[in-house]
Amino acid sequence: MHGKVGEVRNSQLISTFGPGAIMDLPDFSVIIASLDHWNTKLCDVISEPRLQRKLRINKIFSPPSLDWDKDNNQGTLPAYRFPRYMVCPNCRKLAPYNKFLIDKDSQIAYCHCVDNIKVFPARFIVACSKGHIDDFPWGFYVHSKKRNLDCKGDLILNDKGVSGSIADVEVECKDCKEKRTLEDAFMGAGLPSCKGHRHWMGAWNQEECSEKSRALLRGASNLYFPIVVSALSIPPYTSPIQQVVAEEMERLGKMDNKEKLQERIEEDMFPSFKEFDLDELWEVILHQRGLDGEDQDLFYPEWAALLGGTGNNSELEFETEEQEVPERYKENVAKVIMVRRLTEVRVLEGFSRIEPLPDLTSIGEEDETHKESFKASLSERKLTWRPGIITRGEGIFITLSEVALTVWEDKVKNAVAPMREAFSKYCKDRNMDDQEFPDMTRYVLLHTLSHALMRQLCMGSGYSSTSLRERIYSRNKEGQKMAGILIYTATPDSEGSLGGLVELGKTEKFEEVLFHALEEAKFCSGDPLCSEHKPDAIGDLNGAACHACQLAAETSCEKSNRFLDRAFLVPTVSEQSFAFFDK
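Since this is a predicted model, take the numbers as computed values, not measurements.

(A) Main features of the overall build of the protein chain. If you tally the helices and strands in the protein chain, you get 11 helices and 23 strands. The burial tally for the protein chain puts 52% of its 583 residues in the buried class. For the protein chain, restricting intrachain contacts to residue pairs at least 6 apart in sequence, the fraction spanning at least 24 positions comes to 70%. Taken as a whole, the protein chain presents about 27400 Å² of accessible surface, with 47% of it coming from carbon and sulfur.

(B) Quick look at the sheet that holds strand β11 (residues 120-121). Taken together, the 6 strands give an open sheet; going across it, the order is β11-β6-β7-β14-β15-β16, and neighbouring strands pair in antiparallel fashion. The strands lining the two open edges of the sheet, one partner per strand, are β11 and β16 (179-181). For strand β6 (residues 85-87) and strand β7 (residues 93-96), the ladder comprises 3 bridges, and the chain directions are antiparallel. Counted as the bridge partner of Y85 is P96 from β7.

(C) Representation of the environment of G543. On the secondary structure map, G543 appears in the segment after α11 (507-522). It is 9.0 Å that separates the C-alpha atoms of G543 and P418, two residues lying 125 residues apart in sequence. The residues touching G543, leaving out its near neighbours within four places in the chain, are M419, C530, H533, P535, L564 and D565.

(D) Structural context of the sheet that holds strand β8 (residues 101-102). Reading across the sheet, the 3 strands line up as β8-β9-β10 and stay open at both edges, with antiparallel pairing between neighbours. Here the strands that pair on one side only, and so sit at the sheet edges, are β8 and β10 (117-118). Across 2 bridges, the pairing between β8 and strand β9 (residues 109-111) is antiparallel. Within β9, the position partnered with L101 by the bridge is Y110.

(E) Focus on the packing of helix α8 (residues 402-411) against helix α10 (residues 440-461). Close contact between α8 and α10 brings their axes to 10 Å; oriented N to C, the two are set at 120°. Classed by the angle they form, the pair α8 and α10 counts as oblique. Here α8 and α10 pass one another in a crossing that is right-handed. Across from E402, L405, W408 and E409 in α8, the residues of α10 making contact are T441, R442 and L445. Tallied by class, the residues present in the contact of α8 with α10 amount to 3 nonpolar, 1 polar and 3 charged.

(F) Representation of the side chain of H451. Structurally, H451 is set in helix α10. Every residue in contact with H451, bar those within four places of it in the chain, is listed here: E470, Q550, L551, A552, C557, N561 and L564.

(G) The pattern of salt bridges, seen in detail. According to the stated counting rule, one finds 32 salt bridges in the structure shown. With a shortest N-O distance of 3.9 Å, R123 and D159 are connected by a salt bridge. Linking R123 in the loop between β11 and β12 (124-127) with D159 in strand β14 (residues 155-159), this pair joins segments that are 36 residues apart in sequence. For R123, a relative accessible area of 38% corresponds to the partly exposed category. Here K506 and E503 are joined by a salt bridge, their closest N and O atoms 2.8 Å apart. Look at K506 and you get partly exposed, because its relative accessible area is 26%. For E503, a relative accessible area of 24% translates into the label partly exposed. It is possible to trace a salt-bridge network through shared partners that takes in E48, R50, E302 and R471.

(H) Broad picture of α8. Residues A404, L405, W408 and E409 constitute the buried set of α8. Along α8, the residues classed as buried sweep out an arc of 130° about the axis, all on the same side. Summarising the geometry of α8, the exposed residues directed more than 90 degrees from the buried face are V403, V407 and D410. Of the surrounding elements, those touching the buried residues of α8 are β21 (385-400), α10 and β23 (482-491).

(I) Structural detail: the state of the cysteines. A full pass over the atoms with the stated rule returns 0 disulfides. Free cysteine C111: the closest other cysteine sulfur is in C113, separated by 3.5 Å. A relative accessible area of 7% places C111 in the buried class. C173 provides the cysteine sulfur closest to C176, a residue in no disulfide bond, and the two sulfurs are 3.5 Å apart. Here C176 falls in the partly exposed class, since its relative accessible area comes to 27%.

(J) Up close: unusual backbone geometry. Backbone torsion omega between F82 and P83 reads -5°, so that peptide bond is classified as cis. By the secondary structure assignment, P83 is in the loop between β5 (79-81) and β6. One non-glycine residue, N561, adopts positive backbone phi at about 60°. For N561, a relative accessible area of 10% corresponds to the buried category.

Cut-offs applied
Residues numbered from 1 in each chain as written. Predicted model: local features only at pLDDT ≥ 70, side-chain atom pairs only at ≥ 80, totals over all residues. Heavy atoms only, no water. Helix = DSSP H or I, 4+ residues; strand = E, 2+ residues; numbered from the N terminus. Buried < 20%, exposed > 50% of the residue type's maximum accessible area, 1.4 Å probe, protein only. Contact = heavy atoms within 4.5 Å. Areas by Shrake-Rupley, 256 points an atom, 1.4 Å probe, with all protein chains shown as cover. Pairing = 2+ DSSP bridges. Axes fitted to C-alpha atoms, helices over the stretch in contact; angles between N-to-C directions. Parallel < 35°, antiparallel > 145°, perpendicular 65-115°, else oblique. Left-handed = near helix turned anticlockwise from the far one by under 90°. Nonpolar A, V, L, I, M, F, W, Y, C, P; charged D, E, K, R; others polar. Salt bridge = Lys/Arg side-chain N within 4 Å of Asp/Glu carboxyl O. Arc of directions from axis to C-beta. Disulfide = S-S within 2.5 Å.

In structure tokens form, the structure reads like this:
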């Protein structure tokens, strides 16, 4: 395809419409091309040393930003037409797009049956759990029932429209008159094994695959699950010297002494280094080289930075202000901190299809919890960079009393057993390595409190519930104990947010917010069914939690609305003995 076909926001390229995702346009649909086709000369570099080391990459690039150049036919991101099969709304002809008339300028396809009648993309495709995607095998499917695979007749797609179900959609061969509804395909019958097509890397790119194909709707929500890794930019990495060194780490790879560095600076190889002291530069280079790679802990340094506080330094995009804990909650809450300025870097690491791969990097020791083969690659070649965005905003950081938590964890240590068993089954069903979850009790409490607070904060902050996000700090390891929640809002806009959320972190206002959050959590319109719900009942890994009381928007929750239970937080209709806030 050539020419501009649509527009997309930068933030969407790191989530909804990243490489490998299908994007519906008014006249056709496309699949966003792989990173191999990105023009990095149009991209800005984002510096986040901890995240770069964690992902073992040299650079993070923001999505290219450029106005459409109509004269030179130049845009920013390429995309491929997908699915390739189109359907005529008049004669119901079903065929690849090159069997129709294609307008050279608009790329819109028209059918020959009637003048100027647009054809539309087929609604059905196939995909597998390894991330491969392909056109629905229409010819094979309609002929496979009677093994008449040699027939290459023209196809039509009939929609009876009787009940609106998938059984009303029928593919028919005009030559042999064979017919078949799509009901069998969605029941898992009549489809060939996956052919390993990776259409986001090119029309004919494929690899070997042993997974079974699954029929899906083109706009299905389980067709694309982005794997996003994020980190807060914290001191000292927010300082200018840390930023310029991070941008040049790839070129500094073989720099083995300070004298050689000075020579290269004098030769004008690193002009951005000239304004800094040589000793300080070398110290920062050694420090960034010493970061721990894949074992890099993203959470504990953030925890320490949030607790440590900052001065009112305008150079740092990170500013906190501690508030006094409300008197009535001093037994349970250790600190309340207003985060007036924060910067978060989000990086797209890959994606999955059919099933989301849970990101459990904040749980336990950050072990891998899924088979790497189920994460689809963003590029054909192994690249040393990933796409990302910078978001700026504000938030409220709350920590719980370690003394009160220790007593409470001992009291309810067996209460989490059903959720632990359900989690083990969840991992087994999805071919993931079963991982110990040593801090599950603590995590469920913090996660449930976070959701209760988000529901209450959105009422007074002026932000919608989808604008707030959570970051849970949970660990019960000696020397690295964490029990905190950061609730924040951040946008890609350079100015960040407007202060409506952080002001609710002031002592008198936060007391009211927490009180109402806990009171609301005691009861649910779904009680007693909600309060009696067990984690192993339907495999959702939740206790007393439902859409009416605890579940949040998918963009807000870091664990896809799993590991929630109101009974751990407050007394409920069916359980009064597990509550952390029991007074």
